[in-house]
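Take a look at the letters that make up each chain.
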Amino acid sequence: MRSATFLAGLTLAVCFLAGCPVPIGPRGNGNANTAGNRNVNVNVSNTNGGPSMTSRVIAGLQFYSINGCAACHCNDAQGGCNLAAPDIRGKSRDLVDRNLRLPQVANANAGVTQAESHPLKLPRATDEEIDNLTLYLGTLTGGTPITAENSLITQGYNLYIQAGCVACHLASAQGTQQGGIGQPIAGTDPDNIYGVLTGAVPCHPIQVAGVPLPPMPCSVTGSYSTGTPTTAMLVDTPPPNTDDERTELSYFLAFIAPPPAVGVEPCQDRPGEICTVVGIGVGGFTHDDVAATETLIYYPKDLALTDWNQDGTPDLAIDDWNNHRIRVVFIDKDTPKDDGSGVMVTNRIISIAGTGKVTGDDALNHPTDLAFDANGALVMANWHNQNIYRYPRGLLRGGDRDQLAGLCDLMCQSDAMGPTRVDQTFLSLPSSVAIHPDGRIFFAEQGCARIRILTIGATRTQTQPAGCITPVNLFVDGMIATLAGIVSPPMGVTYAGDGGPASAAVFNVFRGPTIPNFGIALSPENPPDELYVADSMNHVIRAIDLRANPPTISLFAGVPGMSGFADGPAESALFNFPANVYVDENHIVYVADQNNHAVRQIDQMGRVTTIAGTGAAGFNGDNIPATEAELNSPFGIAKDARGRIFIADTNNNRVRVINPPAIR
């Protein structure tokens, strides 16, 4: 579900398409706009195992682009851009062949055919290339749509052509990188497509009907088919205007994106070293049911270990934040592919929640934190949907999930009069969850800078709150109470409350909808003694004593209001925007020190030590000591029974692991 009022105001950092001065940069490890397939095999083979029509048409499209056909025939093949070139859409295979491979005759006269006088000759073009080019030109007329294959890539290709994207972004979707007037968009994702087509980026030539153009003329330069665009030309063509269509378009753009110039070095599993176990260093989404280092992830946030397939050993769950999915890696296991082939894959990855869309059945909108309850059910803070979801173990995508809290729109409601019912309580950017052994869910409400406790009700009712697009399963008699934090502290007060009741504490966190922070974690005792809190913009970790009545709060590590990068005793150690925390079974606290691009640990003696990262953002390789490795805005942390520390290296679009005995 997605709140219409919230979505309208959602900040999307998008500048991929025509009309923006520069492409959004960098995605992945400094490679702008390269979120593409390493191997172009995303379920588009035909039934006899040969090349699919989709891949053949795209090969023809690339041939058209690479060989400069657009210089005369225009990007849309309608002709008239140079040398009085004709419209060649839908031309026969014989005509295409003769124009490109028939020897050229100079000094054309009345006896020379148009094919012989064609200025571009490619005598070494293969029969396959001629076939593919002809097929591509046929699709431009609408007479040869690729309807024989029902893949997202096929549908996305048809939309790309029908909406006229090729005119500015070129056949390759590389745009200005290859002489077009639109920005490179190969590899872009549904969020970015949504933003540019709904007015979040002004001056894009094609927008959803009803979105007004800016009052001033748009500064789009260069040739658009046969002329220079004007504001009057920027409204005519209907774009992909549903979430499904925008997702299909993103699959096509991922399919044709150039292979990323990065790879994954296999883990050597040497003590104290770090290596990549999920992702390839480029943001995007390709496919599931493959080895985890053969697919893309996009800004991974939280991590958790759970026995998802119930074989007695843990699996690694990943909050694939910008792909709007929760995915699981069957770590250190050989498991069979879901396609029925019987092929076994080591470290296979699947999606267990979310579809990549932000509306519709099983849609998620930037899930930011996850945990698993005593029954193995997945519980998540679904950040931009303003709610908390639960998926029972084994309930896969499209199943009947529970909405434990939140009404799909954001609001900081007062509970000064006591706990409030779930069906009467709005939330604002729930960013972190922690599950108490008694079943209660502690969660951080980032938009209100407070920590709350959800007691799940007994009455499960299907209802449709005003902010929700579709009906939801809501435990209407559940109750929500505030544990810590003041929503509206006195003017100028950003830190307060240590030594007193947690309910009077003041946290200083980034409350906007663009940067998740304010992570929480319970200590390992049963019942837990403390709840640890990343007070992100105060640059400290705080602890809430749950044994006290009422619970009290204290400073655990860091210097309030002072950012820096220093190890040592907890009271003098420095952090820089600690975004998340994790506590292991030995009561060691781990901190995702986001703006220091490091992971820190706080031991039982209160000493802070850096265990990964150098303080510099970047990626300098795998299979090196973790303290010499560069990270980029880490967020999620998890530890397994072997002592390995898993890290969501968010802006590097990787999940990495530190091998023991780096941690003692």
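Above this text sits the structure in question.
A. Highlighting the overall build of the chain. For the chain, the helix and strand inventory stands at 10 helices and 32 strands. In the chain, which comprises 664 residues, the proportion classed as buried is 56%. A separation of at least 24 residues holds for 56% of the contacts in the chain among residues at least 6 apart in sequence. For the chain, the exposed area adds up to about 25300 Å²; of that, 53% sits on carbon and sulfur atoms.

B. Spotlight on unusual backbone geometry. Backbone torsion omega between Asn-526 and Pro-527 reads 5°, so that peptide bond is classified as cis. That bond from Asn-549 to Pro-550 is cis: its omega, 5°, falls within 30 degrees of zero. Positioned with a positive phi, Asp-289 is a non-glycine residue whose angle comes to about 65°. Structurally, Asp-289 can be placed in the loop between β1 (273-278) and β2 (290-291).

C. Spatial organisation of the state of the cysteines. In the structure shown here, the tally under the stated rule is 3 disulfides. With a sulfur-sulfur separation of 2.1 Å, Cys-267 is cross-linked through a disulfide to Cys-275. Here the disulfide of Cys-267 and Cys-275 is right-handed, its torsion about the S-S bond being about 100°. Across the disulfide from Cys-412 sits Cys-448; the S-S distance is 2.0 Å. Judged by the sign of its S-S torsion, about -105°, the bond between Cys-412 and Cys-448 is left-handed. Here Cys-448 lies in the loop between β15 (441-445) and β16 (450-455) and Cys-412 lies in the loop between β12 (402-405) and β13 (420-421), a separation of 36 residues in the sequence. The exposure class assigned to Cys-412 is partly exposed, which follows from its relative accessible area of 35%.

D. Focus on the side chain of Asn-323. With respect to the secondary-structure elements, Asn-323 resides in the loop between β4 (315-320) and β5 (325-329). With a relative accessible area of 7%, Asn-323 lands in the buried category. The contacts of Asn-323, once residues within four sequence positions are left out, are Gly-284, Phe-285, Leu-296, Ile-297, Tyr-298 and Gly-356.

Conventions we followed
Residues numbered from 1 in each chain as written. Predicted model: local features only at pLDDT ≥ 70, side-chain atom pairs only at ≥ 80, totals over all residues. Heavy atoms only, no water. Helix = DSSP H or I, 4+ residues; strand = E, 2+ residues; numbered from the N terminus. Buried < 20%, exposed > 50% of the residue type's maximum accessible area, 1.4 Å probe, protein only. Contact = heavy atoms within 4.5 Å. Areas by Shrake-Rupley, 256 points an atom, 1.4 Å probe, with all protein chains shown as cover. Disulfide = S-S within 2.5 Å.

It is worth stressing that arrangement in space is one thing and function is another; only the former is reported here.
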